[in-house]
Amino acid sequence: MASAPQSPSPRPPADLPGFPFLPASGLLAAGPQNGGAETNGEAAPAWLAPAMAANGIGSFDWDLHTDLVDGDDRACLILGIPLDDGTGHRPPPMNSESFLAMLHPDDAPIVRRRVARAVETLGQCGAYYRTVFADGEMHAVRFRGRVLADERGRPSHMVGFVWDATAELHKRVRADHLAVLREERTRFIKEAARALSEATTMNDVARVFTELPLPGIPPDGLILAALENGRIQILRSTGYDPDTAPPPHNHVPLDADHPAALALRTRTPVFISSRPEYQERFPVAWAPVVHSRHSTWAFLPLIASGRPLGVCLVSFTEERSLDAEDRTLLSTLGGMVAQSLARARLHDAEHELAAGLQRVLLPRRVPPLPGFSTAVRYLPAGTGLQIGGDWYDVVPLPGGHVGLVIGDVQGHDVHAAGVMGQLRIALRAYAAEGHPPAAVMARASRFLADLDTGHFATCLYAEVNVDYGAVYAVRAGHLDPLVRRADGSAAVQPVAGGLPLGIDPDSAYPVTRFTLDPGELLLLCTDGLVETRSIDIDEGMERLRRTIAGPHPEGPAALEALADRLEEQAADSHERDDDIALLLLRWEGPAENRPRQLRRRIQQADLAQISEVRGELRDAVRRWGVGDLADTVELLTSELITNALVHTDRDALLTARLYREGGPAGPARLRVEVDDESDLWPRRRTPGEQASSGRGLMLVEALSDAWGVDPRGSGKRMWFELIHRQPTAGAAPEPKPEAAPEPQP
């Protein structure tokens, strides 16, 4: 084909007849077949036509003056122009707008610009564009053309070639699809790795795996099974109806003729592309699968550190041949699941060990306590072995009293838990022996120091009297308790404190006494409940105070609900890194079906306890409804206790009881007993006017309604009784009972 002459003026004149492309007009129209028409007087070579035919190339000649294209049959077929309009003739010429309407909207402007530029410069142009045929199918075309000038140097014709590029379009579409798919799979691998790394338990791993959306090969069924005791047992599955079509790959022995067992034995994936293949390769395992709706399977062994852990199963309802990229993706996923499952199995084993040890060290249950409602909670730290040194305990004491313990051994590891277990048992034993709170704490401190573990512990011990709600509390470096009063108000109850246990074996622990009214609540906790990385103890205590304040329902269920609420609030905190022990106690009031009683042991070396006991006794008789006896009972009790401590050089045990004679409306009899371990009996003396002692028994005889001394197996019991009568109008006073005979040594 002859080359076009150079034009002295590349821009054509504006009055060129039929010129379509400045800026828009017709591009081509169907005309009579040219085949091998002469151009500029030069004949096309004879071999050109067969060469073009062999390569599927069509030619065209566009007359720029008439806006018509003279193209061969191949060009028309490639461009999607029909050769027959249905009457045996070619269709009429196609104008530019009609042709451009056939192109993809994104490609039409490109073709227009390139052709216009070639016409303006009398140069060449090429373009790739997509076109939609009459049947709606998308095709792609490439053309190459050159603009030729006439004798006056103006653009006259564009001649060139066109060929079908639909195969190239498919390759490009597939390449784009593969690029998108690879990007999706890369993103999927990252997200799956993140999700599996955050899974801590085997159930978490199973949940994450069965919820993964595999890009490009969305599965219809997913199963995660673990190898347990030589059998492959399903942990979780999706895509199976447990009622109508349960997973058929459960409880498979490792030596079975089954694809899951084969994958584990050989440690290589097993891919099955069709149901006939499954039946042919595994005839024994085919029977449970025959009713399954799945047709393609991938069994992926889970191997970590050379140990088989289980199998992942990915299945599809339609038959499909998994290509190399699909199998690589599935194998990679199996490796990630195996590593995550190995970590989760180790975590579950450690957690079970820690939970079992913690269950042994903490009380299995809180014993029922008449007159009290209790609720306890333990929440391990969010990291590590989930075991620590926090503990609680509820100790039933003689006389219906109850001892409450809350403590925290330094650290939250196995060593701290072991120290905690020893300290809890020791402190419980000291309390159950009947030692007063200060002695219980001092003995526990010396015990921990003697263990020489290098640990110290904070602790709070409180003894609560069931009859009148008095609380005797000692604190060793621990948090103060909180009290919610009957009116709904709540406040921190200050308790005098001493050093943490184990630091100074000779440290003393002062006792703080306060009282509860019926229905009031006492809360003891460790610092993990109120302190986090961003909240200090003071702020945490205030938040806890606000939480428990206000009116609350009564009853054990309401107390458990409050404990659940406090536990949930603590568990929701992402900044918590310490264990939590919590103990709630509500005093319901004295029991109506038992004698009201006060028991207290007074140590001979601690005469200051006498003052405490007097205050206790005044509170007791006031709560028992015989408050007008308080002065008398306080005076006489002081005499008996002092007599026992001073003259016997032994400890004394005080017991005060109130009885009703003849029913609730009858007179009340208050009996006070002081036991000691001395066989030396008291003697009544007649002191002189200037004597400073010796009047104790005289006062007891004069002020009590009855008194006496009873021998015991070891020691003796001194007692007196006071009768409280309800005043009755017009009734004469009852005669005073005769005094007991004077005791003899």
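Definitions and cut-offs
Residues numbered from 1 in each chain as written. Predicted model: local features only at pLDDT ≥ 70, side-chain atom pairs only at ≥ 80, totals over all residues. Heavy atoms only, no water. Helix = DSSP H or I, 4+ residues; strand = E, 2+ residues; numbered from the N terminus. Buried < 20%, exposed > 50% of the residue type's maximum accessible area, 1.4 Å probe, protein only. Contact = heavy atoms within 4.5 Å. Areas by Shrake-Rupley, 256 points an atom, 1.4 Å probe, with all protein chains shown as cover. Pairing = 2+ DSSP bridges. Axes fitted to C-alpha atoms, helices over the stretch in contact; angles between N-to-C directions. Patch = residues over 30% accessible without salt bridge, like charges linked within 9 Å, V, L, I, M, F, W, Y side chains within 5 Å. Salt bridge = Lys/Arg side-chain N within 4 Å of Asp/Glu carboxyl O. Lys, Arg positive; Asp, Glu negative; His and termini not counted. Charge placed at Lys NZ, Arg CZ, Asp CG, Glu CD. pLDDT = per-residue confidence, 0-100. Left-handed = near helix turned anticlockwise from the far one by under 90°. Nonpolar A, V, L, I, M, F, W, Y, C, P; charged D, E, K, R; others polar. Core = buried A, V, L, I, M, F, W, Y, C linked by side-chain atoms within 4.5 Å.

**Examining the overall build of the protein chain**
- Helix and strand content of the protein chain: 17 helices and 27 strands.
- Out of the 745 residues belonging to the protein chain, those deemed buried represent 47%.
- For the protein chain, long-range pairs separated by at least 24 residues make up 66% of all intrachain contacts whose partners lie at least 6 apart in sequence.
- With the model as given, the accessible surface of the protein chain reaches about 35700 Å², and the carbon-plus-sulfur share is 52%.

**Comments concerning the sheet that holds strand β24 (residues 652-660)**
- Overall, antiparallel pairing links the five strands, which are arranged β23-β24-β25-β27-β26 in an open sheet. Both outer strands of the open sheet, β23 (596-602) and β26 (706-711), are each paired with one neighbouring strand and no more. Adjacent strand axes in the sheet meet at a mean angle of 15 degrees, parallel and antiparallel pairs treated alike.
- For β23 and β24, the ladder comprises seven bridges, and the chain directions are antiparallel. Each bridged residue has a counterpart across the sheet, and for Leu 598 the counterpart in β24 is Ala 656.
- Set on the sheet, helix α16 (residues 630-648) makes contact with β23, β24, β25 (668-676) and β27 (716-724); between it and β27 the angle comes to about 175 degrees.

**Quick look at the sheet that holds strand β1 (residues 57-63)**
- Spatially, five strands are ordered β2-β1-β5-β4-β3 in an open sheet, and the strand pairing comes out antiparallel. Here the strands that pair on one side only, and so sit at the sheet edges, are β2 (68-71) and β3 (124-132). In this sheet, adjacent strand axes meet at a mean angle of 25 degrees when their direction is disregarded.
- Relative to strand β5 (residues 155-164), β1 runs antiparallel, the two being bridged by seven bridges. What sits directly across from Ile 57, in β5, is Trp 163.

**Focus on the environment of Asp 348**
- In this fold, Asp 348 is placed in helix α10 (residues 324-361).
- For the pair Asp 348 and Thr 201, spaced 147 residues apart in sequence, the C-alpha to C-alpha distance is 6.0 Å.
- If we ignore the near neighbours within four places in the chain, the residues touching Asp 348 are Thr 200, Thr 201 and Met 202.

**Things to note about a negative patch on the surface**
- Together, Glu 531, Asp 536, Asp 538 and Glu 539 make up a region of like negative charge exposed at the surface.
- Assignment of secondary structure puts Asp 538 in helix α13 (residues 537-548).

**As for the confidence of the model for the protein chain**
- Summarising the model, the protein chain shows a mean pLDDT of 79, and 82% of its residues fall at 70 or more.
- The low-confidence segment residues 1-41, where pLDDT is below 50, has 108 contacts with residues more than four positions distant or belonging to other chains.
- Within the model, the stretch residues 729-745 combines pLDDT values under 50 with 21 contacts to residues more than four positions away or in other chains.

**Some remarks on the environment of Pro 667**
- Note that Pro 667 resides in the loop between β24 and β25.
- Each C-alpha atom, one on Pro 667 and one on Ile 723, is 6.8 Å from the other, the two residues being 56 residues apart in sequence.

**Section: the pattern of salt bridges**
- For the structure shown, the criterion picks out 32 salt bridges.
- Residues Arg 586 and Glu 588 are paired through a salt bridge, measuring 3.1 Å at the closest nitrogen-oxygen approach.
- Here Asp 675 and Arg 717 are joined by a salt bridge, their closest N and O atoms 2.8 Å apart. Of this pair, Asp 675 sits in strand β25 while Arg 717 sits in strand β27; the two residues are 42 residues apart in sequence, bridging distant segments of the chain.

**Comments concerning the packing of α13 against helix α14 (residues 556-571)**
- Running from amino to carboxyl end, α13 crosses α14 at an angle of 145 degrees, the nearest separation of the two axes being 11 Å. Between α13 and α14 lies a crossing whose hand is right-handed. Residue-level inspection shows Leu 544, Thr 547 and Ile 548 of α13 in contact with α14, the latter providing Arg 565, Leu 566 and Gln 569.
- A breakdown of the residues in the contact of α13 with α14 according to their chemical character gives three nonpolar, two polar and one charged.

**A look at the pairing of strand β10 (residues 296-304)**
- Among the nine residues in β10, eight count as buried, and that is most of the element.
- Inspection of the sheet shows strand β9 (residues 270-272) paired to β10 by three bridges, in the antiparallel sense. Residue pairing across strands places Phe 271 opposite Ala 298, the latter belonging to β10.
- Here β10 pairs with strand β11 (residues 307-316) via nine bridges, running antiparallel.

**Let's talk about the nonpolar core**
- By size, the foremost hydrophobic cluster in this structure holds 52 residues, and its most contacted members are Leu 404, Tyr 461, Leu 501 and Leu 583.
- It is helix α11 (residues 414-432) that provides the largest number of residues to this core, a total of nine residues.
- Not counting residues up to four positions away in its chain, the partners in contact with Leu 583 are Ala 375, Val 376, Tyr 392, Asp 393, Val 394, Leu 404, Val 405, Ile 406, Leu 522, Leu 523 and Leu 524.

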